Amino acid sequence: MIEYIAEMPSYTYAVKAERLLKSRKIRCEIKRREEGCGYDLHIYNKTALSILDKNAIPYELKK
Amino acid sequence: MIVNFDNAATTFPKPRSVKNSVYSALEKYGSSGRGGHAIAAATSQAVYSARETAADFFGAEPENVVFTLNCTHALNTAIKGIMKNGGHMIISGMEHNSVARPAAALASEKKISLSIAQIYPEDEKTLESFRNLIRSDTKAVVCTIASNVTGQILPYQEIAEICRSRNICFIADGAQACGIIDIKMSQGINILCTAGHKGLYGITGTGLLITDGKYKIPPLMQGGTGNSSQSLVQPEFLPESLESGTLNVAGIISVQSGIEFIRNIGISKIFSHEDRICRRFISELRKNKNITLYRSPAAEYVPIVSFNINGMKSEKAAEHLAEKGYCLRAGYHCSALAHSQLGTDSGTVRFSPSIFSKESDSVQLANEIYRLSKNKL
């Protein structure tokens, strides 16, 4: 399964994104970034990214 | 016997659910937005839930809800942020010192120019005051939704519309209105500042700054935000950009619990209850010719009543009433501008009930005031 890692600008946006995706039954999880302080959203479904875009949730795709 | 009628300062007592939420938060939570361990994650989720609750209550996005230390902190952040690069600002003549002092400080430092709009009982006259002061370089209007001295509700939605039509940032002080009247960002408010410990029934040390996101607010202070820590530049994203340092997690949870308490009862029921007590109190005071009431039939009010016993200093009156067990606030209520407009040189005595107040207590208080006014004479 392909894993997408979205670097979130803050924990607030990470939780907002997580709750939005989970409300649509899309699996994802917040993880502490491996380097530097911050939080990433790990996503396993590419359509999740378009949902974040449509809802104007900022992120940077790491992988 | 202690009867609190000083709820405009801080609501007391707090709902049982709020007290329980604080205890529970202290049992379960640590720091929010820091670290990735179980306690940090649970805390961060809880704080986000509180943001969602507040956002839903005021019609905002969760990320646009900034938790502050109190309303003064929120107002200073908004005023000093929006006016950072100078310009002209208008404040109402009913503002609390949490608006008037930062505005006056910026003006005395020659960083901004400042105008003060006269407030009248008639809304149209008040609106004309604001209209007449607007200039081409006016950047912001700051206006309380309801005066903390008299309780007068200002025509904030109409002022917001004046601002919107001229691209002026409208900052509303909701300290005496939130939880009492239904305030929504969609009423034209760009930045809403309020206390968590008054009408929202949270604990002291809590406040909220809520923005519609139209105007960028530079931070009042910089520091740790839990993300991008390798950079010396303060992150730009709300709410963390304005929330440097460890949050008051237990306080934030208490505000969430307070909002839920209000929702369960209903804002209109809370207003009706407190307004009924005020009307009864006023009708009792009106039987006494030695009382001056600071209310006009032309204006609308939140449940606050300001009065004076003729010939007696407000502080002296409050002191006597405190000896009988009644807690009321006297003096200037940190609102020199409002008292200047009212012409109350030695302040007023302020009566402010909460959802827990009883009409019978207000009648007994009025009787005590009657006795006090007679004994004085």
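Just above sits the structure.
About the cut-offs
Residues numbered from 1 in each chain as written. Chains lettered and ligands numbered in written order. Predicted model: local features only at pLDDT ≥ 70, side-chain atom pairs only at ≥ 80, totals over all residues. Heavy atoms only, no water. Pairing = 2+ DSSP bridges. Helix = DSSP H or I, 4+ residues; strand = E, 2+ residues; numbered from the N terminus. Axes fitted to C-alpha atoms, helices over the stretch in contact; angles between N-to-C directions. Contact = heavy atoms within 4.5 Å. Core = buried A, V, L, I, M, F, W, Y, C linked by side-chain atoms within 4.5 Å. Buried < 20%, exposed > 50% of the residue type's maximum accessible area, 1.4 Å probe, protein only. Salt bridge = Lys/Arg side-chain N within 4 Å of Asp/Glu carboxyl O. 1 Å grid on protein atoms, 1.4 Å probe; cavity = no way out; pocket = protein on both sides within 12 Å on 5 of 7 lines; lining within 4 Å. Points joined across faces, edges and corners; volume = space filled by probe spheres on them. Nonpolar A, V, L, I, M, F, W, Y, C, P; charged D, E, K, R; others polar. Buried area = accessible area lost by both parts, 1.4 Å probe. Polar contact = N/O pair within 3.5 Å; in protein donor to acceptor, adjacent residues only side chain to side chain.

Draft legend 1. Seen up close, the sheet that holds strand E13 (residues 348-351) of chain B. Residue and element names in this part refer to chain B. Read from one edge to the other, the open sheet built from four strands follows the order E9-E10-E13-E12, with strand pairing classed as antiparallel. The open sheet has two edge strands, strand E9 (291-293) and strand E12 (329-331), and neither has a second partner. Ignoring which end each strand starts from, the neighbouring axes of this sheet average 30° apart. Across the sheet, helix H8 (residues 267-285) is in contact with E9, strand E10 (305-309) and E13; its angle to E10 comes to roughly 20°. Sheet strands in contact with helix H9 (residues 314-323) are E10, E12 and E13, and its direction is about 155° off that of E12.

Draft legend 2. A look at unusual backbone geometry. Residue and element names in this part refer to chain B. Cis geometry is adopted by the peptide bond preceding Pro13, which originates at Phe12 and carries an omega value of 5°. Topologically, Pro13 is positioned in the loop between strand E1 (3-4) and helix H1 (16-28). With an omega of 0°, the peptide bond between Leu238 and Pro239 qualifies as cis. Mapped onto the elements of the fold, Pro239 is located in the loop between strand E8 (207-211) and helix H7 (249-265).

Draft legend 3. Geometry of the nonpolar core. Residue and element names in this part refer to chain B. Counting residues in hydrophobic clusters, the biggest one holds 62 residues, and the most contacted among them are Phe58, Ile145, Phe170, Ile183, Ile189, Leu192 and Leu200. In terms of residues, this core owes the most to one element, H7, which gives eight residues. Those residues in contact with Leu192, other than ones at most four positions away along the chain, are Phe58, Ile145, Ala172, Gly174, Cys178, Ile183, Met185, Leu208, Leu209 and Ile210. Judged by nonpolar contacts, the second largest core, of 28 residues, contains Ala78, Ile82, Val99 and Ala100.

Draft legend 4. A look at the pattern of salt bridges. Residue and element names in this part refer to chain B. In the structure shown here, the tally under the stated rule is 25 salt bridges over all chains. A salt bridge links Glu109 to Lys111; the shortest N-O distance between them is 3.1 Å. By relative accessible area, which is 45% here, Glu109 ends up partly exposed. Here Lys216 and Glu236 are joined by a salt bridge, their closest N and O atoms 3.4 Å apart. Taken together, the residues Lys216 in the loop between E8 and H7 and Glu236 in the loop between E8 and H7 connect sequence positions 20 residues apart.

Draft legend 5. Seen up close, the layout of surface pockets. Residue and element names in this part refer to chain B. There is about 310 Å³ of room inside the largest pocket. If you trace the largest pocket, you find 17 residues lining it, with Lys216, Ile217, Glu236, Leu238 and Ser241 closest to the centre. Here the lining of the largest pocket is built from residues that sort into nine nonpolar, five polar and three charged.

Draft legend 6. How the structure looks around the interface of chain B and chain A. Each side of the interface is counted separately: chain B has 23 residues, and chain A has 16 residues. Note on chain B versus chain A: buried area summed over both sides is about 1,600 Å², and carbon and sulfur give 50% of it. Linking chain B with chain A are three salt bridges, by the criterion used here. Glu61 of chain B is the salt-bridge partner of Lys16 of chain A, the closest N and O atoms lying 2.7 Å from each other. Along the contact surface separating chain B from chain A lie 13 residue pairs in polar contact (both at pLDDT 80 or more).

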